[in-house]
Amino acid sequence: MGLSDTGKVCLFSKMSGVIKLNGKPAANARLVRTVNHNKDITDETTSDENGYFEFDAKFTHSLTSMLPQEFAASQKINVHYDGKTYEMWSGVKRVPEENSESRGKPLVVECELSSEEKLIKVNRSPIFSLCTWDVEPDKKRKVF
Amino acid sequence: MNNLNPSQAAALADDVYSLTKLDSLKRAMTYMKDEYGDIFDIWSNDVLKGKTGGPGFIKCRTAFGFCLIGKNQFAGQVVILFRGTQYLADWLTNLNVSVSSSSSGRSIHDGFNKSFKSMETQLMSFMGVMNKHNVHTIHCVGHSLGGALATICADWLKSTYGRLPFLYSYGSPRVGLHSFARHMTSSIGADRIFRAYHKTDIVPCIPIWPFYHTPVSGTDYYLPSPGMIPMAKYHGMDKYIDSVEDKTWEELSGLRAESKNDTSIAQWLKEKGAVGVTVSALGWLHQAIIFVLKKCMQGAEWLALRTFGNNFTFMDQLSYILTKGINVLEGAASWVLYLVKKIMHILGMITSVKVEDLNLQFIRGVLRNLQERVNQFTRDALSKVLVDGRAV
């Protein structure tokens, strides 16, 4: 088939940031990240004493899925903290480029676990989260 | 008419990819409400699931689409929404494309048909729900393989329930043989079918003859895109959204592909032209095959094709008819020769051929070669798509 290595697509961009609960850093929280392009891939990390965490970018080779499809990768981060589970991030990445979640800038977030889930749409990708980051949402197209 | 406009149908065809990938129905509902306003409910707290998989194997059930029930200003209307999958490519590049019977008893692509059939039970129970909602308008919408499924669904609605839906597709492959396309065109009506495609989207170019697009006559919605070579990105829904933005169907119908009539097809067959398979060559070739077949069959029904049985590929059947045409009909031989030479030219073969050389074996060799090259071309185009990580 002659498929090259350039079939690399980004399922979840590198993310760093701080988690808080009621304004206080959530130290040693366990973050479980799940991405799904054609199958679930899970990894996890732990926040430090300042609530700071990092996830490396997650790539996949479309090669593994044989042939292509309209790009749509689901993204999820659950935070386990103080005996509770918080759905911190749940979205669908609709473009394969890295840092599409923040329009090309590094994805640096601030997440408040006690806040209400908010939906924004960036690069056609819906993201439900407890986080804020520096990004301009898509302009609303009023079709209906 | 109560049809969706191009941007509405495109937004739905695009959003189905996000909706099926969101991890809860609640979030899918929230997203839809945020995008469209409070006009749809998702039926039954479940997504439409279908069996997917390429030729020869069936994968587990995956989310394939949604049934949306309209409310408020959309009351009385429903949308049956399908998405494409990565398995489309497997089906489209399979050498031995087989057909099976649609709900209306016409021949359609067996792979697409199987995908649809795996959702039929769910759709049947949705029909029961619809009756309770006094539904007067049904919209079937899809992109890529989802467009093929929406087409099959529209046929199913009409032949099984006598319902007359609207059908919208973006970058759909060809779904069925001529009998199916013709039946759809008359039973649903060309004015209720909105088939939009980019010039350089490879998917609508395949499968090649004997598959036909629906509608066979009336309007389709050709959208110009740059170049001659199919480009990855012009199959993507993002490009379709851009191409139809703020336009009406009427405005889009003004953008015409180069017109192909008997005179221009005859002209194309006779001229040397460029070597190599291009989107344009595929389009002309499709029409030229039909043109020469008509010369060979003189109005005989295409339906005859099915009587050949499953041991013949379509290209074998075509060789048979062309050879017969040479031997039986005066005047057909020269057109068959033009066609064979044109195909050989496109394939880069030496074309010093005479009518006397045209026996079944020879023609079959050329046509099989063509089929292989088209499949290779499709695979190449699709892997370019792959490199971009986009679409199909």
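Everything numeric in this text was worked out from a predicted model, so none of it was measured. (Residues numbered from 1 in each chain as written. Chains lettered and ligands numbered in written order. Predicted model: local features only at pLDDT ≥ 70, side-chain atom pairs only at ≥ 80, totals over all residues.)

**Focus: the overall build of chain A**
Now for step 1: Assigned secondary structure in chain A consists of zero helices and 13 strands.
Now for step 2: When its helices and strands are written in sequence order, chain A yields β-β-β-β-β-β-β-β-β-β-β-β-β.
Now for step 3: Each of the 144 residues in chain A was classed as buried or not, and the buried ones make up 40%.
Now for step 4: At a minimum sequence separation of 6, the contacts of chain A that also span at least 24 residues come to 60%. (Helix = DSSP H or I, 4+ residues; strand = E, 2+ residues; numbered from the N terminus. Buried ≥ 20, exposed ≤ 12 C-beta atoms within 10 Å, placed from the backbone. Contact = placed C-beta atoms within 7 Å.)

**What to know about the overall build of chain B**
Now for step 1: Each helix and strand counted, chain B has 14 helices and twelve strands in total.
Now for step 2: Across the 392 residues in chain B, those meeting the buried criterion constitute 49%.
Now for step 3: Residue pairs in contact within chain B that sit at least 24 positions apart in sequence constitute 76% of those at least 6 positions apart.

**A few points about the packing of helix α11 (residues 279-297) of chain B against helix α12 (residues 314-328) of chain B**
Residue and element names in this part refer to chain B.
Now for step 1: Look at α11 against α12: their axes get within 8 Å of each other, and the N-to-C directions meet at 50 degrees. In terms of orientation, α11 lies oblique with respect to α12. By crossing handedness, the relation of α11 to α12 is classed as left-handed. Between α11 and α12, the contacting residues are Ile289, Leu293, Lys295, Cys296 and Met297 on the first element and Leu318, Ile321, Leu322, Lys324 and Gly325 on the second.
Now for step 2: A breakdown of the residues in the contact of α11 with α12 according to their chemical character gives seven nonpolar, one polar and two charged. (Axes fitted to C-alpha atoms, helices over the stretch in contact; angles between N-to-C directions. Parallel < 35°, antiparallel > 145°, perpendicular 65-115°, else oblique. Left-handed = near helix turned anticlockwise from the far one by under 90°. Nonpolar A, V, L, I, M, F, W, Y, C, P; charged D, E, K, R; others polar.)

**Side note on helix α5 (residues 120-132) of chain B**
Now for step 1: In a regular helix each residue adds 1.5 Å, so 13 residues correspond to 18 Å; α5(B) covers 19 Å between its end C-alpha atoms and thus fits that length.
Now for step 2: Following α5(B) by one or two positions, Asn134(B) has its phi on the positive side, about 50 degrees. (Expected span 1.5 Å × (residues − 1).)

**Let's talk about the environment of Lys354(B)**
Residues and elements named next belong to chain B.
Now for step 1: Mapped onto the elements, Lys354 comes out in the loop between α13 (332-346) and α14 (360-388).
Now for step 2: With 7 C-beta atoms counted inside 10 Å, the residue Lys354 sits in the exposed group.
Now for step 3: In the structure, Lys354 is positioned 20 residues away from Ser334 in sequence and 9.4 Å away in space, judged by C-alpha atoms.

**With respect to the sheet that holds strand β12 (residues 125-129) of chain A**
Residue and element names in this part refer to chain A.
Now for step 1: Taken in spatial order, the six strands make up an open sheet running β5-β4-β8-β9-β12-β11, and their pairing is antiparallel. Looking at which strands have only one partner, the edges of the open sheet turn out to be β5 (40-46) and β11 (118-122). Taking the axes of each pair of neighbouring strands and ignoring which way they run, one obtains an average angle of 15 degrees across the sheet.
Now for step 2: Bridge count between strand β9 (residues 84-93) and β12: three bridges; the pairing is antiparallel. Among the inter-strand pairings, Trp89 is bridged to a residue of β12, identified as Ser129. (Pairing = 2+ DSSP bridges.)

**As for unusual backbone geometry**
Now for step 1: Along the chain, Ile206(B) connects to Pro207(B) via a cis peptide bond; the corresponding omega equals -15 degrees.
Now for step 2: In this fold, Pro207(B) is placed in the loop between β10 (193-198) and β11 (211-212).
Now for step 3: Look at the link from Thr214(B) to Pro215(B): it is a cis peptide, with omega at 0 degrees.
Now for step 4: Inspection of the secondary structure assignment puts Pro215(B) in the loop between β11 and β12 (221-223).
Now for step 5: The backbone of Arg103(A) sits at a positive phi, close to 55 degrees, despite the residue not being glycine.
Now for step 6: Locating Arg103(A) in the fold gives a position in the loop between β9 and β10 (107-112).
Now for step 7: Here the phi dihedral of Ser144(B) falls at roughly 60 degrees; this positive angle occurs in a residue that is not glycine.

**Thoughts on the pairing of strand β4 (residues 30-36) of chain A**
Residues and elements named next belong to chain A.
Now for step 1: Every second residue of β4 is oriented toward a common face, the buried set being Leu31, Arg33 and Val35 and the non-buried set Arg30, Val32, Thr34 and Asn36.
Now for step 2: Linking β4 back to β5 in an antiparallel pair, the connection comprises three residues.
Now for step 3: Pairing of β4 with strand β8 (residues 73-81) involves seven bridges; the strand directions are antiparallel. Residue pairing across strands places Arg33 opposite Ile77, the latter belonging to β8.

**Re the nonpolar core**
Residue and element names in this part refer to chain B.
Now for step 1: With 116 residues, the main nonpolar core has Cys153 and Val336 as its most contacted residues.
Now for step 2: At eleven residues, α11 tops the list of elements feeding residues into this core.
Now for step 3: Mapped onto the domain boundaries, this core takes at least three residues apiece from domain 1 (6-253) and domain 2 (262-388).
Now for step 4: Not counting chain neighbours up to four residues away, the residues in contact with Cys153 comprise Ile80, Phe116 and Cys140. (Core = buried A, V, L, I, M, F, W, Y, C linked by C-beta atoms within 7 Å. Domains from an automatic or database assignment.)

**A word on the pairing of strand β4 (residues 77-82) of chain B**
All names here are of chain B.
Now for step 1: Of all six residues in β4, six are buried; the element is thus mostly enclosed.
Now for step 2: Side chains of β4 alternate between two faces, with Gln77, Val79 and Leu81 and Val78, Ile80 and Phe82 buried alike.
Now for step 3: As defined by bridge partners, β4 adjoins strand β7 (residues 137-143) across six bridges and the pair is classed as parallel. In the strand pairing of β7, Val78 is matched with Ile138.

**A closer look at the confidence of the model for chain B**
Detailed reading of the predicted model is not advised wherever pLDDT is low.
Now for step 1: Taken residue by residue, chain B gives an average pLDDT of 83. The fraction at 70 or more is 83%.
Now for step 2: Considering only residues more than four positions removed or in separate chains, one finds that residues 385-392 of chain B, a stretch of pLDDT under 50, has 45 contacts. (pLDDT = per-residue confidence, 0-100.)

**Focus: the packing of helix α1 (residues 6-21) of chain B against helix α8 (residues 237-244) of chain B**
Residue and element names in this part refer to chain B.
Now for step 1: For the pair α1 and α8, the least separation of the axes is 9 Å and the interaxial angle reads 170 degrees. As summarised for this structure, α1 and α8 are arranged roughly antiparallel, according to the angle between their axes. Side by side, α1 and α8 meet where Pro6, Ser7, Ala10, Ala13 and Asp14 of the first sit next to Met237, Tyr240, Ile241 and Val244 of the second.
Now for step 2: Taken together, the residues of the contact of α1 with α8 break down into seven nonpolar, one polar and one charged.

**Topic: the environment of Gly142(B)**
Residue and element names in this part refer to chain B.
Now for step 1: For Gly142, the location among the structural elements is in strand β7.
Now for step 2: Its 30 C-beta neighbours within 10 Å are what place Gly142 among the buried residues.
Now for step 3: Separated by 25 residues in sequence, Gly142 and Leu167 place their C-alpha atoms 8.6 Å apart.
Now for step 4: Apart from residues no more than four positions distant in its own chain, Gly142 is found in contact with Ala13, Leu81, Phe82, Gly147, Leu149, Ala150 and Ser169.

**Some points on the environment of Leu370(B)**
All names here are of chain B.
Now for step 1: In this structure, Leu370 sits in helix α14.
Now for step 2: Taking the C-alpha atoms as reference points, Leu370 and Val129, 241 residues apart in sequence, are found 48 Å from one another.
Now for step 3: Once you skip the residues sitting within four places of it in the chain, Leu370 turns out to touch Ile343 and Leu347.

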